[in-house]
Every structure is written in structure tokens, then in C-alpha cells.
Amino acid sequence: MAQAKKGDKVKINYTGMLEDGTVFDTTHDHEECGSEDCGCGGGGPRELTIGAGEFLAPLEDALVGMAVGETKKVIIPADDAFGEYDLEKVFSIPRSDLPEDLKPEVDDEIVLVNEEEEELAVMVVEVNDDEITFDSNHPLAGEDVTFEMELVEIL
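Computed from a predicted structure; not experimentally measured.

Undergrad: Give me the overall build of the protein chain: which residues, what numbers.
TA: From N to C terminus, the protein chain includes one helix and nine strands. Ordered by position in the sequence, the α and β elements of the protein chain form the string β-β-β-α-β-β-β-β-β-β. A compact globule built from 155 residues should have a C-alpha radius of gyration of about 15 Å, whereas the protein chain, at 19 Å, is more than 25% larger. For the protein chain, the spread of C-alpha atoms along the three principal axes comes to 65 × 35 × 25 Å.

Below is the structure:
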């Protein structure tokens, strides 16, 4: 039976979970998480080229040597997944420096654009009369994650 190798284009199904079992992403159609509003991907198997950097590197590496139909569980520490949580990525901006029509609320996800037109995705973590505090860490920063994946097809 053929085994996947670096450079192969493959289809995989996966479910990504936090340490407490919370599903944060899946290719399955919500049967894993049980909610249409979960934010999971759904939509069926994902295509990727092993080693092309299209997915988390530890997952791409784990696909090497797998055969079609084989499943694998991969635990990825935070540093190799979405990074450690970095307090330096939490910052405040005076309201006077932001557009007047910007009325953010806590937990809003927005994109800030600087004068050089560089974009930065942030989450609003605090709002007061004088300033707004943003967090530019990835939402899963600091979390160890587990992926259960199945090699569906080698294309």
C-alpha cells in the first residue's frame, strides 16, 4: 500500500481540539462539535501538499509514512502550534488616535491599518472613555492542541 511522502498532494480529515476536548476546527460536518455556530471549518476533507507549509508543520510531518485510511493523533505544544501567549502583543491606543466612527465592543475582531497600510488582526479586550485595548495574539496562542487526522487520499 502506498505511503504518503513529502511533496505528495493529499486529502485529509481532521479534528483540532484543546486540552479540555473543545473542538476548535474540523473538516467533518459539525458532528464532532455538535454545533453549526462553532466556527469549525467543516466542508469535507482538506487538500494540501505535504511539506509546502500549507498547514501546521508538525501535522504535515506526521502525514509522512501514513497510508490511505490510516489515522493518527498528534499533540502539538503551544510553541509549535500558534505560539506562546505574548503580553507584548496586548496594547492600548488612545481613542483620539482612532476614527471617530469606530465603536468597538469587547470581543470584537477587527483589522487595524497603519499609515503604511500594514494590516494587523486584533481582538478588542477592553474599552473605556480614554482608550481601547487590543490583543494581537492568535486566539489559540498559549494553547497546546491535539489533532486527530485521517489520510483520505493521496492524489
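Undergrad: I'd like a description of the nonpolar core, backed by residues and values.
TA: Formed by 22 residues in total, the largest nonpolar core has its most connected members in Val10, Ile12, Leu59, Leu63, Ile76, Phe147 and Met149. Discounting chain neighbours no more than four positions away, the residues touching Leu63 are Ala4, Val10, Ile12, Leu48, Ile50, Met149 and Leu151.

Undergrad: Provide a residue-level description of the environment of Val106, including the pertinent values.
TA: Counting through the fold element by element, Val106 comes out in the loop between strand S5 (90-94) and strand S6 (109-113). Residue class for Val106 comes out partly exposed when judged on its relative accessible area of 45%. In this structure, the C-alpha to C-alpha distance between Val106 and Ile132, residues 26 residues apart in sequence, is 9.3 Å.

Undergrad: Outline unusual backbone geometry, supporting the account with residue identities and numerical values.
TA: With phi around 80 degrees, Asp107 is a residue other than glycine that occupies positive phi space. Within the secondary structure, Asp107 sits in the loop between S5 and S6. What makes Asp107 exposed here is its relative accessible area of 54%.

Undergrad: Break down the sheet that holds S5 for me, citing the residues and quoting the values.
TA: With respect to topology, four strands assemble into an open sheet ordered S5-S8-S7-S6, the strand pairing being antiparallel. At either end of the open sheet lies a strand with only one pairing partner, and these are S5 and S6. For this sheet the average axis-to-axis angle between neighbouring strands, irrespective of direction, equals 45 degrees. Note: S6 against strand S7 (residues 119-127), five bridges, orientation antiparallel. Residue Glu109 lies in a different strand from S7, and its bridge partner there is Met123.

Undergrad: Please give an account of the environment of Val111 that cites residues and values.
TA: By the element assignment, Val111 lies in strand S6. Val111 has contacts with Glu119, Leu120 and Ala121, leaving out every residue within four places of it along the chain.

Undergrad: Tell me about a negative patch on the surface, and please be specific about residues and values.
TA: Together, Glu126, Asp129, Asp130 and Glu131 make up a region of like negative charge exposed at the surface. We classify Glu126 as partly exposed; its relative accessible area is 43%.

Undergrad: Go over the side chain of Thr15 with me, naming the residues and quoting the values.
TA: Mapped onto the secondary structure, Thr15 falls in strand S1 (residues 9-18). Overall, Thr15 belongs to the buried group, its relative accessible area being 2%. Within the structure, the side chain of Thr15 is placed 3.1 Å from the side chain of Thr26, a separation counted as a polar contact.

Undergrad: How would you summarise the pattern of salt bridges if you had to cite specific residues and measurements?
TA: By the definition in use, this model includes two salt bridges. Lys9 is paired through a salt bridge with Glu47; the nearest N and O atoms lie 3.9 Å apart. Taken together, the residues span a long stretch of sequence, with Lys9 in strand S1 and Glu47 in strand S3 (residues 46-49) at a distance of 38 residues. Under the relative-accessibility criterion, Lys9 is labelled partly exposed at 38%. The exposure class of Glu47 is partly exposed, given its relative accessible area of 39%.

What counts as what
Residues numbered from 1 in each chain as written. Predicted model: local features only at pLDDT ≥ 70, side-chain atom pairs only at ≥ 80, totals over all residues. Heavy atoms only, no water. Helix = DSSP H or I, 4+ residues; strand = E, 2+ residues; numbered from the N terminus. Rg over C-alpha atoms; globule rule 2.2 N^0.38 Å. Core = buried A, V, L, I, M, F, W, Y, C linked by side-chain atoms within 4.5 Å. Buried < 20%, exposed > 50% of the residue type's maximum accessible area, 1.4 Å probe, protein only. Contact = heavy atoms within 4.5 Å. Pairing = 2+ DSSP bridges. Axes fitted to C-alpha atoms, helices over the stretch in contact; angles between N-to-C directions. Patch = residues over 30% accessible without salt bridge, like charges linked within 9 Å, V, L, I, M, F, W, Y side chains within 5 Å. Areas by Shrake-Rupley, 256 points an atom, 1.4 Å probe, with all protein chains shown as cover. Salt bridge = Lys/Arg side-chain N within 4 Å of Asp/Glu carboxyl O. Lys, Arg positive; Asp, Glu negative; His and termini not counted. Charge placed at Lys NZ, Arg CZ, Asp CG, Glu CD. Polar contact = N/O pair within 3.5 Å; in protein donor to acceptor, adjacent residues only side chain to side chain.

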